[in-house]
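Examining the three-dimensional arrangement
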Amino acid sequence: MTTLPQNIKEKFYRTIEGGISLADFEQWLYADEQLEKHLSPDDYLDLISLSFKKSGAKYQLWNLLRKHIDLGEFETYKMLGLLNEAKQKTERLPFILMEFYDLYCKGYNFLQDLGLGIGLAVEVPRVNNTTADTWDELTSEQQKELLDSFSPELEECIEQVIYWLEAKKIVLTGEQDEIGHYDYEDLRTEEERKSKLG
């Protein structure tokens, strides 16, 4: 696998994630002079000869791009994207927290505090004086109250996971086992593995 410059990797990642449309990627592909230098002639030809308007083009493009990216790096990029968006507390925060719970259930045990501790509490809210079983059944006031109740632990947990990923104490591989659980290397100390939520 060729080592691509970071800006090209990010273009590939954002395209695979759907952040860049096929049309925009195609336009960039023909205009970028750097890419040809970093790919083999055959791989570059495969990319520029892809019929972007044909049905199945997205799947074909994913297969072509996948050969040039490290799946672990891509998973880390996606995870850091979720963590940074959660840190900004965008309107997607509750759904990102529920996604952390889902990822915890799928094997990312390092998301214990964010996923099990906080994400599950969003997925199955326990708010006083309510019979709501889901996030959507809460009033907007109850939703705000629930999210506010997670601070400052939420921010600390987010920062902690960002640190683990950036310091390579958690190394995502991008691989899954036969039942769909994510694989990763855990290089944290025993102390770092302890839950911060009482």
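Residues numbered from 1 in each chain as written. Predicted model: local features only at pLDDT ≥ 70, side-chain atom pairs only at ≥ 80, totals over all residues. Heavy atoms only, no water.

In the annotation of an unreviewed UniProt entry, the chain is listed under the name DUF4240 domain-containing protein and assigned to Sphingobacterium olei.

Let us look at the overall build of the chain. Scanning the chain for helices and strands turns up 11 helices and two strands. For the chain, the succession of helices and strands along the chain, N to C, is α-α-α-α-α-α-α-α-α-α-β-β-α. Burial analysis of the chain (198 residues in total) assigns 40% to the buried set. The long-range share in the chain, meaning contacts at least 24 apart out of those at least 6 apart in sequence, stands at 54%. As presented, the chain carries roughly 11,500 Å² of accessible surface, and 48% of it is formed by carbon and sulfur atoms. Taking the 22 positively charged and 39 negatively charged side chains of the chain as two groups, their mean positions are separated by 3 Å. (Helix = DSSP H or I, 4+ residues; strand = E, 2+ residues; numbered from the N terminus. Buried < 20%, exposed > 50% of the residue type's maximum accessible area, 1.4 Å probe, protein only. Contact = heavy atoms within 4.5 Å. Areas by Shrake-Rupley, 256 points an atom, 1.4 Å probe, with all protein chains shown as cover. Lys, Arg positive; Asp, Glu negative; His and termini not counted. Charge placed at Lys NZ, Arg CZ, Asp CG, Glu CD.)

Before going further, it helps to spend a moment on the pattern of salt bridges. This structure, assessed with the given rule, holds 13 salt bridges. With a shortest N-O distance of 3.1 Å, Asp43 and Lys67 are connected by a salt bridge. Here Asp43 is found in helix 4 (residues 41–48), whereas its partner Lys67 is found in the loop between helix 5 (57–66) and helix 6 (71–88), with 24 residues between them in sequence. Here Glu85 ties to Arg92 by a salt bridge, and the two come within 2.9 Å at their closest N and O atoms. (Salt bridge = Lys/Arg side-chain N within 4 Å of Asp/Glu carboxyl O.)

A word on the domain arrangement of the chain. Segmenting the chain into domains produces domain 1 (6–69) and domain 2 (72–186). Contact residues are listed per partner, giving seven residues for domain 1 and four residues for domain 2. Buried surface at the junction of domain 1 and domain 2, both sides included, amounts to about 540 Å², of which 65% is carbon and sulfur. The largest share of the area that domain 1 buries against domain 2 comes from Lys9, Tyr13 and Glu17, three residues that together contribute 69% of it. Joining domain 1 to domain 2, the criterion identifies one salt bridge. Between Lys9 and Glu73 there is a salt bridge whose closest N-O contact spans 2.9 Å. (Domains from an automatic or database assignment. Buried area = accessible area lost by both parts, 1.4 Å probe.)

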